[in-house]
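Chain by chain, the residues:
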Amino acid sequence: MTEYVDRSEPEAVAPASAVVTPADAADAARLVAFGLQPRLQPARDQEYADLLRRYREDPPFARLADAVATGLGLIVLEVSPRAGMAVTAAEDSVFAVRMGDYARRTSADSGDRFLHGLAHLAVAAMAFPRPEDLADDGYIGRVSVNGVDAFVRQACRRLEERAEEQGENTDPATDAPGLEAAWRIWVRRSAAGATKDARRLAGSTTGIVGKAVAFLTESGFLQRTGDDNGGTYRTTARYQLQVRDMASSSAMAELLELGIVPVTDGTPTLLPPEESDDLELVADAGLPFHS
């Protein structure tokens, strides 16, 4: 009696390394959760550092973590020891921070929202005034509250001069779009003012800048370095990635093209720009929230 031998091709068996286990999914989600804590530094958390190493060394795990992030409406900007798992929220993500939400958190009325947006734009422009600053992973920008306010006021003067030269309306409506609408609103506002206990007024321009840098600090984008000039700050790797990826490059380019290049130590001193025709900013550079 002849024994039957099945010579059909055996079913392919997935290699063990490609099988996703619940533990793998939990680790991937844990890594994304670490990424949503922007002030957490991998160097100070061993589990975070281990998961980052696994992401870099285990491609299937990296794809799984990316898929978890995508499912949550997050965009992975970079995964590295310097930035951790740097993620930003897509416009339709539950994690997206919108300008209206930010303004409500700062107790700003609708007329001030434009000024808060301009403050964020100015912080980004002052922190990274040149395209090469954004391209250099080792670059650290430095800003101060008073320096940013001085920067915006200088920009306002340039805008006023430009409007007068072109014979345009030098008193635009509060709700008009663009930087041309901002200069008159900003310069009308007190730079500081003071409450009875000598604190700066929240609605003053330095108060508005102060809220912007406080929000950026809480979000892991800036680190406070001192109290001089209304508060001094340095940029983080996450902020550099955010400015590269998220913003309104046209608005920032317009601000930079006014020819005001601030020094990078955070002081309110302003210097003329170097001779250069290349004032274009990296595409999509700008604000850390959606309109």
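Anything mentioned here points back to the structure above.
Overview of the structure. Note that the structure is a prediction, hence the values are computed from the model and not measured.

1. Comments concerning the overall build of the protein
For the protein, the count of helices and strands is 11 helices and seven strands. When each of the 291 residues of the protein is scored for burial, the buried share is 43%. Taking all contacts inside the protein whose residues are at least 6 apart in sequence as the whole, residues at least 24 apart take part in 62%.

2. Here we look at helix 3 (residues 59-71)
For helix 3, which comprises 13 residues, the first-to-last C-alpha distance of 18 Å matches the rise-based estimate of 18 Å (1.5 Å per residue) to within 8%. For helix 3, the complete set of buried residues consists of Phe61, Ala62, Ala65 and Ala69. The buried residues of helix 3 occupy an angular sector of 105° when the element is viewed end-on, so they sit on one face. Residues of helix 3 that are exposed and point more than 90 degrees away from the buried face comprise Arg63, Thr70 and Gly71. Of the surrounding elements, those touching the buried residues of helix 3 are helix 1 (22-35), helix 2 (46-57), strand 1 (74-80) and strand 2 (84-89). Gly73 sits one or two residues past helix 3 and shows a positive phi near 75°.

3. A few points about the pairing of strand 1
Where strand 1 lies against strand 2, six bridges are found, and the strand directions are antiparallel. When the sheet's bridge partners are listed, Ile75 is paired in strand 2 with Thr88. Here strand 1 folds back onto strand 2, and the loop between the two strands holds three residues.

4. Quick look at the sheet that holds strand 4 (residues 222-226)
Read from one edge of the open sheet, three strands run 3-5-4, paired in antiparallel fashion. Each of the sheet's edge strands pairs with one partner strand only, and the pair in question is strand 3 (142-144) and strand 4. The sheet shows a mean angle of 35° between the axes of neighbouring strands, direction not considered. Where strand 3 lies against strand 5 (residues 232-235), three bridges are found, and the strand directions are antiparallel. Counterpart to Val143 in the pairing with strand 5 is Tyr233. Here helix 7 (residues 145-165) sits on the sheet and contacts strand 3 and strand 5; the angle it forms with strand 3, its principal contact strand, is near 85°. Relative to strand 4, helix 9 (residues 205-218) is tilted by about 115°, and along the sheet it contacts strand 4 and strand 5.

5. Considering the packing of helix 2 against helix 3
Look at helix 2 against helix 3: their axes get within 5 Å of each other, and the N-to-C directions meet at 110°. Judged by the angle between their axes, helix 2 and helix 3 are roughly perpendicular. Side by side, helix 2 and helix 3 meet where Leu51, Arg54, Tyr55 and Glu57 of the first sit next to Pro59, Phe61, Ala62, Ala65 and Asp66 of the second.

6. A few points about unusual backbone geometry
For Asn229, which is not glycine, the phi dihedral falls at a positive 55°. Judged by its relative accessible area of 27%, Asn229 falls in the partly exposed class.

7. Description of the pattern of salt bridges
This structure, assessed with the given rule, holds 12 salt bridges. For Arg54, the salt bridge is made with Asp24, and the minimal N-O distance between the two is 2.6 Å. Of the two residues, Arg54 sits in helix 2 while Asp24 sits in helix 1, which places them 30 residues apart along the sequence. Given the relative accessible area of 15%, Asp24 is considered buried. One salt bridge connects Arg130 with Asp133, and the closest N-O pair in it is separated by 2.7 Å. Through salt bridges with shared partners, a single ionic network connects Asp24, Asp27, Arg54 and Asp58.

8. Considerations on the nonpolar core
Membership of the largest hydrophobic core comes to 32 residues, with the highest contact counts inside it found for Val123, Val148, Trp186 and Tyr239. Apart from the residues within four sequence positions on either side, Trp186 is in contact with Leu115, Leu118, Ala119, Asp149, Val152, Arg153, Cys156, Thr205 and Val209. In this structure, Ala28, Phe34, Ala65 and Leu74 belong to the second largest nonpolar core, which totals 18 residues.

9. Let's talk about the environment of Gly210
Assignment of secondary structure puts Gly210 in helix 9. Considered as a pair, Gly210 and Ser144 are 66 residues apart in the sequence and their alpha carbons are 9.0 Å apart.

10. Details of helix 2
Over its 12 residues, helix 2 extends 16 Å from the first C-alpha to the last, a length consistent with the 16 Å expected when each residue adds 1.5 Å. Listing the buried residues of helix 2 in full gives Tyr48, Ala49, Leu51, Leu52 and Tyr55. Buried positions in helix 2, seen along its axis, are confined to an arc of 165° and lie on one side of it. The exposed set on the far side of helix 2, more than 90 degrees from its buried face, consists of Gln46 and Glu57. Two or three places before Glu47, at the opening of helix 2, Asp45 has a side-chain oxygen 3.1 Å from that residue's backbone nitrogen.

Definitions and cut-offs
- Residues numbered from 1 in each chain as written.
- Predicted model: local features only at pLDDT ≥ 70, side-chain atom pairs only at ≥ 80, totals over all residues.
- Heavy atoms only, no water.
- Helix = DSSP H or I, 4+ residues; strand = E, 2+ residues; numbered from the N terminus.
- Buried < 20%, exposed > 50% of the residue type's maximum accessible area, 1.4 Å probe, protein only.
- Contact = heavy atoms within 4.5 Å.
- Expected span 1.5 Å × (residues − 1).
- Arc of directions from axis to C-beta.
- Pairing = 2+ DSSP bridges.
- Axes fitted to C-alpha atoms, helices over the stretch in contact; angles between N-to-C directions.
- Parallel < 35°, antiparallel > 145°, perpendicular 65-115°, else oblique.
- Salt bridge = Lys/Arg side-chain N within 4 Å of Asp/Glu carboxyl O.
- Core = buried A, V, L, I, M, F, W, Y, C linked by side-chain atoms within 4.5 Å.
- Polar contact = N/O pair within 3.5 Å; in protein donor to acceptor, adjacent residues only side chain to side chain.

Purely spatial values, then, with no claim about function.
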